[in-house]
Amino acid sequence: MKKLILSVALIGYALSASPLTELALKNNYDINTLEDQTEALKQEVDLSTIWENPKLTLGVKDIYFDEPLTRNQGAQNESLEFSQKIPTGSKLDIKESIAVQNLAMKRLELKDKKLSLIKDVSTLEALLGRIEADLNSVTKYEKLLNDLKEAHLAYNSTTSAHYSQTLNNTILEKSLLISKKTLLREKQSALYKLESLINTKVNEPLHVSTNLLPYHFNNETSKLLENNPKLQIQKLLSLRELNNLRYEKAQKIPDVTVGIGYNRRQSRDDFWFLSFSVALPIYGRENLFIRKAELSQNATEQSVSSLTNTLTYELQDELLNKELQFEKIALTRDILEENGRIYDNLSATAFAQSDVVLKLLSNLTQSLDTEIKINTLSYLYNQSIIKITYLLGEEL
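Residues numbered from 1 in each chain as written. Predicted model: local features only at pLDDT ≥ 70, side-chain atom pairs only at ≥ 80, totals over all residues. Heavy atoms only, no water.

A. Spotlight on unusual backbone geometry. Positioned with a positive phi, Ser-90 is a non-glycine residue whose angle comes to about 60°. As for its position among the elements, Ser-90 is in the loop between β2 (77-86) and α4 (91-155). Among the residues examined, Ser-90 registers a relative accessible area of 46% and is labelled partly exposed. (Helix = DSSP H or I, 4+ residues; strand = E, 2+ residues; numbered from the N terminus. Buried < 20%, exposed > 50% of the residue type's maximum accessible area, 1.4 Å probe, protein only.)

See the structure below:
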């Protein structure tokens, strides 16, 4: 029993860059989609600096509505014009900045998806580790209970019929059986969920280390929130909306279209011509677009503050939860060790007193519940470590 308690006292679930995590990053459909979208936005950066294509215009000016196929030889007039729209007001520079920011946000979105996937896979691995630890505990106690029966029968096989019947029909046996079936069902459910993330079959047995995850961060974890991809995306979104506001203001400076052409006329001199055209901002659309951009930019600034508060709360909550679970683990291990000492004392006189066997069974039940509680607390502790790591934008 002491060896059993010692092994449980050291139990936990250590995780790192596991093969399952690598499979998830390789096979996940969302990751592949975001990678393709990132490549597409790289092309958008190049496109943002290229002028619009020039226009070539061909014209004939002696076609009549009543006789469209008949041309007046004396009034034939053909023209050819080449025109190019020239952007003004640094619009292309602003569009390039917006495209670069869109690409940066997509890369951060990809990073966040990868971190989120690592978090989900690692949490499921920790869950499977907890289930395996629970199954091992149940198996150990099944064997311990069976050894207790055999020792009891060997002690006095003729006068211990009442105690034997008690042992053969103990509630602990049934509870162990129900616990094992429940754990196997929970394990299968977790495996299905894991397979949906990695898009491939999970081969058993899984080898998950049984140690508590290390905590590598300092006490100023709130400052590390700056590395959170979601927060970085929101800040970039605010900067992009600021650039969009600059772009809408630049739209008040109309682009210039320059044209050069040649006009051929029958019975008259041919001539070259030069034209300039601009849009007239007389309906106030530009002012409305500017106002819309201002409101959008203000909204994104508020979103940055809101997200910062939300992430700070989640981080502080997980830090408190981590400390709480760690303290609970230490206290529960003390309880398990105390149960072990009680078991050793009871087992010394188990068959000399009529009520000691029932006390032993009660002690085993309490010890099993305590072991499973330690497994659960260790899982919750590691779950907090995994989430804290994700919130700080780091990999396990």
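B. Expanded view of the packing of helix α2 (residues 19-27) against helix α6 (residues 171-198). Relative orientation of the contacting elements α2 and α6 amounts to 45°, with a least axis distance of 7 Å. Taken as axis vectors, α2 and α6 run oblique relative to one another. Between α2 and α6, the contacting residues are Leu-20, Leu-23, Ala-24 and Asn-27 on the first element and Leu-194, Leu-197 and Ile-198 on the second. Across the contact of α2 with α6, the residue classes break down as six nonpolar, one polar and no charged. (Axes fitted to C-alpha atoms, helices over the stretch in contact; angles between N-to-C directions. Parallel < 35°, antiparallel > 145°, perpendicular 65-115°, else oblique. Contact = heavy atoms within 4.5 Å. Nonpolar A, V, L, I, M, F, W, Y, C, P; charged D, E, K, R; others polar.)

C. Looking closely at the pattern of salt bridges. Across all of its chains, the model carries 20 salt bridges by this definition. With a shortest N-O distance of 3.1 Å, Glu-39 and Lys-42 are connected by a salt bridge. Pair noted here: Glu-39 and Lys-42 are both in helix α3 (residues 29-47), with a separation of three residues, about one helical turn. Taking the shortest distance from any N to any O, the salt bridge between Arg-130 and Glu-186 comes out at 2.5 Å. Of this pair, Arg-130 sits in helix α4 while Glu-186 sits in helix α6, placing them 56 residues apart in sequence. With a relative accessible area of 10%, Arg-130 lands in the buried category. One network of salt bridges, in which partners are shared, links Glu-52, Lys-85, Lys-91 and Asp-255. (Salt bridge = Lys/Arg side-chain N within 4 Å of Asp/Glu carboxyl O.)

D. Representation of the side chain of Ser-122. With respect to the helices and strands, Ser-122 occurs in helix α4. In terms of polar contacts, Ser-122 uses its side chain to reach the backbone carbonyl oxygen of Ile-118, at 2.7 Å. (Polar contact = N/O pair within 3.5 Å; in protein donor to acceptor, adjacent residues only side chain to side chain.)

E. Here's a closer look at the nonpolar core. Ranked by size, the top nonpolar core spans 37 residues in total, and within it Tyr-141, Leu-176, Leu-194 and Leu-364 carry the most contacts. Put simply, the parts of the chain that give this core at least two residues each are α2, α3, α4, α6, α9 (285-348) and α10 (356-391). Looking at this core, the element that brings in the most residues is α4, giving 14 residues. Other than its neighbours up to four places away in sequence, Leu-194 contacts Leu-20, Val-121, Leu-124, Leu-128 and Val-202. Core analysis: the next-biggest nonpolar cluster, separate from the first, contains 10 residues, Leu-307, Leu-315, Leu-319 and Leu-392 among them. (Core = buried A, V, L, I, M, F, W, Y, C linked by side-chain atoms within 4.5 Å.)

F. Representation of α6 in the model. Here α6 contains 28 residues, and its C-alpha end-to-end distance of 41 Å stays within 8% of the 40 Å for a straight helix at 1.5 Å per residue. Taken together, the buried positions of α6 are Leu-172, Leu-176, Leu-183, Lys-187, Ala-190, Leu-191, Leu-194, Glu-195, Leu-197 and Ile-198. One or two steps after α6, the chain reaches Asn-199, where phi turns positive at roughly 55°. (Expected span 1.5 Å × (residues − 1).)

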